[in-house]
Amino acid sequence: MVSRVRVWLNRTYAENVFFMDQLRRNPSDRAVELHATHGDPDSPVLAAADTAELEPENLSPAGYVEYALDQCVRRGIDVFVPRLHQSAIVAHRAEFEAAGTAVLAPPPEAVAVFHDKVIAYEAVQTIGVPVPPWYRVRSEDELLAAVEELEAGGHKACFKPASGAGGVGFRVITRTPFSLMHLSGFPSPYVPLDLVLQALRQDGEPVDWLVMPRLEQPEVSVDCLTGPDNRVRLAVGRTKNGRRRGFTLHEQWLDPARLIAESFGLHYLSNIQFRMFGDRPVLMDVNTRPAGGLHQLSLCGVNAPWAAVQLALGEDPGEVVPPFLGQDYTVVSGPRPLRPVALPQRRPEETEPLPAVPVESVGASAPQATVGALPR
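Residues numbered from 1 in each chain as written. Predicted model: local features only at pLDDT ≥ 70, side-chain atom pairs only at ≥ 80, totals over all residues. Heavy atoms only, no water.

Caption draft 1: Highlighting the overall build of the protein. Looking only at helices and strands, the protein has 11 helices and 18 strands in total. Taking all 376 residues of the protein together, the buried fraction comes to 51%. Partitioning the contacts of the protein with sequence separation of at least 6, the portion at a separation of at least 24 is 66%. Counting every atom, the protein has about 17,400 Å² of accessible surface; 54% of that belongs to carbon and sulfur. (Helix = DSSP H or I, 4+ residues; strand = E, 2+ residues; numbered from the N terminus. Buried < 20%, exposed > 50% of the residue type's maximum accessible area, 1.4 Å probe, protein only. Contact = heavy atoms within 4.5 Å. Areas by Shrake-Rupley, 256 points an atom, 1.4 Å probe, with all protein chains shown as cover.)

And the structure:
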């Protein structure tokens, strides 16, 4: 009799409820039990899990590793999918393996390269992957010089933190003075240059930003599954052009993604993003974790989360080829169950396990409400 697989996702994105759904509906018909931890008691990830706990707050990276090791031992975790404190966790992979837990994340060297976007851009250039022009700025003067140089080349400048994920802190520079126009409609990523310079001047603290030209669509996110042998088992591009989403297997996107994944050892699941600079694709970002939209590959008949868990367990799924490419679609919001009662925040020493909720009561078999087809 094949034993169940126990998988833990730590403080992760709400959209990964679909990642969890796919693990339960795996093509091997293997029993999977899901454990989740989070700092927000109303995270839908907690409701989607079989067992769940609130995470203690304000732990150092080293303290979090101790907490994670304790979770793996107490819960009998087979596969740990870390997002929070990924760098610290992968540095202690051997300790997790000694506890019987496989860590579904790249080795520390790969995580370190792509934690800092400047280091990442410099590294991928050495293997021939094109990147856009970029400037690392830490002061008002450096920002102004970078913006003026980009504008002189006919580009619109934007900036984002040198380290970070999820588009947090991304802004597009404009020379338009602040006016009521900026207060009408929905909030915009556009910020007047004079206000950014003023904020830097008043705050006096250094920043660490990457300034670059605003890249054009389409945006293509290539989801890769790479084995510990550095061989890519799966590479599929998800395209984004405005609201319209789709899929691609065009080699202009897949070739550089495979090259990056194999060259830097991006083991298990990674997401490599490209946009257009002029008439050619350039690298935009590399995520050393499963993308929030990974579940959308189910529209192509692919269960990438399960294939990754198989790899982590030493069960090589072989090359994973989409049997077809799904039709164009869009992403919409939809309801997702929460735990019946929101738990009060507790001090770390008072944190207790959340009660288990049966799978059927949280809609684990419900359709993926974030994906809807668009007519061709």
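That shown, we press on.
Caption draft 2: Up close: the pairing of strand β13 (residues 244-248). Within β13, four of the five residues are buried, which leaves the element mostly enclosed by the surrounding structure. Sheet analysis places strand β12 (residues 232-241) next to β13, joined by five bridges and oriented antiparallel. Bridge pairing links Gly 237 to Thr 248 in β13. Between β12 and β13, which pair antiparallel and follow one another directly, the connecting turn spans two residues, one of which, Gly 242, has a positive phi of 65°. (Pairing = 2+ DSSP bridges.)

Caption draft 3: Here's a closer look at the pattern of salt bridges. Per the counting criterion, the structure on display carries 25 salt bridges. With a shortest N-O distance of 3.0 Å, Glu 55 and Arg 11 are connected by a salt bridge. With Glu 55 in the loop between β3 (51-54) and α3 (61-75) and Arg 11 in the loop between β1 (5-9) and α1 (17-24), this residue pair connects regions lying 44 residues apart in the sequence. The exposure class of Glu 55 is buried, given its relative accessible area of 4%. On the basis of relative accessibility, which here comes to 16%, the residue Arg 11 falls in the buried class. A network of salt bridges, in which partner residues are shared, links Glu 53, Asp 70, Arg 74 and Arg 75. (Salt bridge = Lys/Arg side-chain N within 4 Å of Asp/Glu carboxyl O.)

Caption draft 4: Local environment of the packing of aromatic side chains. The full count for this structure, using the stated rule, is nine aromatic pairs. Ring geometry for Trp 8 against Phe 80: centres 4.0 Å apart, planes inclined by 5°, an arrangement best described as stacked. Highlighted residues: Trp 8 in strand β1 and Phe 80 in strand β4 (residues 79-81), separated in sequence by 72 residues. Taken as a pair, Trp 8 and Phe 80 share a single burial class, namely buried. Taken together, the ring pairs connect Trp 8, Tyr 64, Tyr 67, Phe 80 and Phe 96 into an aromatic cluster. The lysine or arginine in question, Arg 83, covers the ring of Tyr 13, its NZ or CZ lying 5.0 Å from the ring centre. (Phe/Tyr/Trp six-rings, centres within 6.5 Å; stacked < 30°, edge-to-face > 60°. Lys NZ or Arg CZ within 6 Å of the ring centre and 35° of its normal.)

Caption draft 5: Structural view of the packing of helix α8 (residues 140-152) against helix α9 (residues 193-203). Contact geometry of α8 with α9 gives a least axis separation of 9 Å together with a crossing angle of 160°. Classified by the angle their axes make, α8 and α9 are roughly antiparallel. Crossing of α8 against α9: the hand is right-handed. Between α8, through Glu 140, Leu 143, Leu 144 and Val 147, and α9, the contact on the second element is made entirely by Leu 193, Val 196, Leu 197, Leu 200 and Arg 201. (Axes fitted to C-alpha atoms, helices over the stretch in contact; angles between N-to-C directions. Parallel < 35°, antiparallel > 145°, perpendicular 65-115°, else oblique. Left-handed = near helix turned anticlockwise from the far one by under 90°.)

Caption draft 6: Highlighting the side chain of Arg 6. Position of Arg 6 among the secondary structure elements: in strand β1. For Arg 6, a relative accessible area of 4% puts it in the buried group.

Caption draft 7: Fine view of the environment of Asp 141. Within the secondary structure, Asp 141 is located in helix α8. Through-space distance from the C-alpha of Asp 141 to that of Arg 201 is 9.7 Å; in sequence the pair is 60 residues apart.

Caption draft 8: Quick peek at the packing of α1 against helix α11 (residues 304-312). Taken N-terminus to C-terminus, the directions of α1 and α11 make an angle of 65°; their axes are 8 Å apart at the nearest point. For the element pair α1 / α11, the angle class is roughly perpendicular. Of the two possible hands of crossing, α1 and α11 adopt the one that is right-handed. From α1, Phe 19, Gln 22 and Leu 23 reach across to α11, where they touch Pro 305, Trp 306 and Val 309. Across the contact of α1 with α11, the residue classes tally to five nonpolar, one polar and no charged. (Nonpolar A, V, L, I, M, F, W, Y, C, P; charged D, E, K, R; others polar.)

Caption draft 9: Representation of the environment of Gln 296 in the model. In this structure, Gln 296 sits in the loop between β15 (280-287) and α11. On the basis of relative accessible area, Gln 296 is assigned to the buried category, the value being 3%. Separated by 30 residues in the primary sequence, Gln 296 and Gly 326 have C-alpha atoms spaced 9.3 Å apart. Polar contacts involving the side chain of Gln 296 include one to the side chain of Arg 238, which spans 3.5 Å. (Polar contact = N/O pair within 3.5 Å; in protein donor to acceptor, adjacent residues only side chain to side chain.)

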